[in-house]
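# Observations on the model geometry
Each chain, written out:
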Amino acid sequence: MRRGPRAMAALRGAGRGWRPLLLGLLMGGTASVQSQEDAASAKPLETEPGLEELLRQPLKQVPRDIEVSTAARFTQSASQAPTTTYVVTALDIARFGYRNMSDILRAMPGLYITKDNGFSYVGARGLGRPGDLNTRLLFLIDGMRINENVYDAALISEEFFVDADLIERVEFAPGPGSALYGNNAFLGVVNVITKRVDKMAGVEARASVDSVGVQHLRASWGHRSEAGWEGWLALSGTMQDRRPYPFDTGETPDPLESELRDQLWNRAKRLLLSFNAGGWAFRGGATSLAQGVPVQISEQNPDLLDQGYLISDNSFVSLSHERSLGPDWDLFASVSLKKSRYQERYPLIFEQTQQRRYYGTTARGRWSNWDLRLSTRRWLDHTVMAGVELQDDDLMRISQALEGESPFQEFFGINRRVGVFIQDEWQLSATQRLILGLRRDTSHVAEPKLNPRLAWVWNGVPDATLRLMYGGAFRAANLNEFALNSALGVPTPVPEQIKTYEASWEQALTPQLQYRAALYASRLSNLMELNQVDLPVYENSGQLRNIGSELDLERRWDQGASLRIGLSLQRTRDQHGAGLSNSPRALFKLFYSQPLAGDALQLSWQSFAMSRRHTAFQELPGYWLNNLNLLWRPRLDVDLSLGVYNLGGTRYLDRPASAAPAIKQEGRTFQLSVSWRLPS
């Protein structure tokens, strides 16, 4: 979110008293491994592996029938989905040592991550505009929208609701998705599916520490009742006492670096719960992130620093129900209530009285989402789904004030979004399906928008799928964009729109070798972006044209080794032929995993390369990163992981906000983690 002009953002740490506890957990996990190995040696060998052990063994064939739900809003085979869907599974997360949502998204084709010291930004298909708060991707948790209502932001750092090891899989459906999802589904939809009790039963604990002082602790409990209900509860916390210095000083160190690092810290807490009974599902979650930032408090003495704070609190509860209304009719209904608060607290010293006061911006949001969908197979060869969605924004407010006094500037928003859609999946023949969709969205802040969807899926070649797709999407201005323009007397930008044509082909040449290729062309209009020259306001740009391709090759071996290579190429130009800032032409990704001792020990290598980019103030050279992760599973209920991130110590910069200095990115980092579970 928008940072204060004199603040240097950083993740915040927690109390130092956690260190002995984390050390004890790590030592306890090692002792648990030894005691369980001793106990195992006294038991007779099992003749056949159990179900869970089979599930944890590496796959020897490329999976073809993965079930996905994001592309069509109901579960179906990925080969039948109307759009290409990329999936990162729980096994991938553990094997490659993904620490958070940013790591997971970086593994997806066409996505790239940039960071400042307190926020992670995701770009898609070459579009990652300075100041964008991930508003052009729609994020879901178990199908529930989680973009907040003041900035339309998707929070993918420590504010994200779900710990990485609580995720069953992450689905990414690239391309316009407004025909099904409405606002924010501009460049794609990311759906995070959490684990069920079959993976969470009993008590589980996880602890990790890394070489830059990040310490993480999670505990969970899950239970499945004989009466038919199941549920789990997870609590976690992260701390970092001193963050690395965020700016590149070259060979001349900053004399204030030590003092600055004392005021750069991070503390985060998460709570997440899940409950299912019959066709009912209840979810609840809360996150709290507090960051320490150093702030200059005297213009006469720029070396005089004081402690500032960035605080982000988010919560939700949701209830959904799914049932069959007969042999050919299904009903889904859900309601969710959400709250968000983002606050900047910067100290200010009055020179005459030496009184300290805090000033800053506070953004508060409170809203509800309602969803009703009815689907039927009543007509031969047709699966028809119709639905209505409502987002009621009860509170949208941005205020700037001196703490304890009335705001000197305040903006309120009143909005209600209503979307009505229908989709028909028509089985033309045994090998052809046609998907037709249309959605109309209305709101208080924009004219009604109509977005179509058309896809043709052909399976005329064994183990192959051809898709031809067309779709549109839109994004209306949020309260932050309205407020910034209104404060300077500038009109609010009109909604931005995108139309995309795409063709994809995927084929399994053998059970162990598969490739995918996609070509797309998009026309974007009225893109909202921050003026970099005159007034700092949001303006609509002219038309943009974006073309690109995504290539993906996956190979597996009988011994359990796997390799995936991906290459994304794109080019975006405005009406004058000029390129965009923060828009890499090429992304290269490689993932290799090799068993070293059956399924008990796995070594995994991830490689990521990005081509050079330009920003409004400087050129950013390309870079190449390599990560290694060693995963040891001596028993089914114990995991030990050692990860090395940025193995080569590559020095590289990012500049996600043009008005702020370039930020030095993560150097070589080691992380040790242990988790163990006591089954119920």
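A few points on the structure. (Residues numbered from 1 in each chain as written. Predicted model: local features only at pLDDT ≥ 70, side-chain atom pairs only at ≥ 80, totals over all residues. Heavy atoms only, no water.)

## Concerning the overall build of the chain
Counting its secondary structure elements, the chain contains 8 helices and 38 strands. Here the analysis covers contacts within the chain between residues at least 6 apart in sequence; of these, 63% occur between residues at least 24 apart. (Helix = DSSP H or I, 4+ residues; strand = E, 2+ residues; numbered from the N terminus. Contact = heavy atoms within 4.5 Å.)

## Considering the sheet that holds strand 3 (residues 86–89)
One open sheet holds the 5 strands; their spatial order is 3-8-9-6-7, and the pairing between them is mixed. Only two strands of the sheet have a single partner each, and these edge strands are strand 3 and strand 7 (144–145). As defined by bridge partners, strand 6 (residues 138–141) adjoins strand 9 (residues 188–194) across 4 bridges and the pair is classed as parallel. Bridge pairing in strand 9 places Ile141 opposite Val192. (Pairing = 2+ DSSP bridges.)

## With respect to a nonpolar patch on the surface
Nonpolar side chains collect at one region of the surface, where Trp229, Phe275, Trp280, Phe282, Val317, Leu319 and Leu337 lie side by side and expose about 610 Å² of accessible area between them. Elements supplying a minimum of two residues to the nonpolar patch: strand 14 (280–296) and strand 15 (305–326). By the element assignment, Leu319 lies in strand 15. (Patch = residues over 30% accessible without salt bridge, like charges linked within 9 Å, V, L, I, M, F, W, Y side chains within 5 Å. Areas by Shrake-Rupley, 256 points an atom, 1.4 Å probe, with all protein chains shown as cover. Salt bridge = Lys/Arg side-chain N within 4 Å of Asp/Glu carboxyl O.)

## Remarks on the packing of aromatic side chains
The full count for this structure, using the stated rule, is 14 aromatic pairs. Between the aromatic rings of Phe96 and Tyr98, the centroid separation amounts to 5.9 Å while the plane-to-plane angle is 15°, which identifies the pairing as stacked. Take Tyr98: its relative accessible area is 7%, and that puts it in the buried class. Both rings, one in Trp329 and one in Trp379, keep their centres 6.3 Å apart while their planes meet at 70°; by these two values the pair is edge-to-face. With Trp329 in strand 16 (residues 329–350) and Trp379 in the loop between strand 17 (355–376) and strand 18 (382–402), this pair connects stretches of sequence that are 50 residues apart. Residue classification places Trp379 among the partly exposed residues on the basis of a relative accessible area of 48%. Grouped by ring-pair contacts, the aromatic residues Phe96, Tyr98 and Phe591 constitute a single cluster. Over the ring of Tyr645 we find Arg99, and its NZ or CZ is 3.8 Å from the ring centre. The lysine or arginine in question, Arg125, covers the ring of Tyr520, its NZ or CZ lying 4.0 Å from the ring centre. (Phe/Tyr/Trp six-rings, centres within 6.5 Å; stacked < 30°, edge-to-face > 60°. Buried < 20%, exposed > 50% of the residue type's maximum accessible area, 1.4 Å probe, protein only. Lys NZ or Arg CZ within 6 Å of the ring centre and 35° of its normal.)

## Observations concerning the side chain of Thr135
Positionally, Thr135 belongs in the loop between strand 5 (120–124) and strand 6. With relative accessibility at 3%, the residue Thr135 sits in the buried group. Here Thr135 is in contact with Tyr151, Asp152, Ala153, Asn184, Arg475 and Asn478, once residues within four sequence places are set aside.

## Some remarks on the pattern of salt bridges
When the charged atoms of two side chains lie near each other, side chains of opposite charge can form a pair. Within this structure, the stated rule accounts for 45 salt bridges. Among the salt bridges present, the one from Asp152 reaches Arg417, with a minimum N-O distance of 3.3 Å. Separated by 265 residues along the polypeptide, Asp152 in the loop between strand 7 and strand 8 (167–174) and Arg417 in strand 20 (residues 415–427) bring together distant segments of the chain. Judged by relative accessible area, which is 15%, Arg417 ranks as buried. A salt bridge links Arg218 to Glu204, with the shortest nitrogen-to-oxygen separation between them at 2.5 Å.

## A short note on the pairing of strand 10 (residues 202–210)
Working note: regular strand, side chains alternate between the two faces of the sheet. Pairing geometry for strand 10 and strand 11 (residues 215–224), over 8 bridges, is antiparallel. Within strand 11, the position partnered with Ala207 by the bridge is Leu217. A loop of 4 residues connects strand 10 with strand 11, the two strands running antiparallel in sequence, and Gly213 in this loop sits at a positive phi of about 90°. By the bridge criterion, 8 bridges tie strand 10 to strand 38 (residues 669–678) in an arrangement that is antiparallel. Considered in strand 38, the bridge of Ala205 is made with Trp676.

## Section: the nonpolar core
Counting 48 residues, the largest nonpolar core has Met101, Ile104 and Phe139 as the members making the most contacts within it. Phe119, Tyr121, Ala363 and Met396 belong to the second largest nonpolar core, which has 18 residues in total. (Core = buried A, V, L, I, M, F, W, Y, C linked by side-chain atoms within 4.5 Å.)

## Points about the pairing of strand 9
With respect to burial, strand 9 is a largely interior element, 7 of its 7 residues being buried. Where strand 8 meets strand 9, 7 bridges bridge the pair, whose relative direction is antiparallel. The residue bridging Glu171 from the neighbouring strand is Asn191, located in strand 9.

## Looking at the environment of Ile349
Its location among the elements puts Ile349 in strand 16. Taking the C-alpha atoms as reference points, Ile349 and Ile297, separated by 52 residues in sequence, lie 6.4 Å from one another. Beyond its immediate sequence surroundings of up to four residues, Ile349 is in contact with Ile297, Asp306, Gln354, Gln355 and Arg356.

As far as function goes, none of this settles anything; it's purely spatial.
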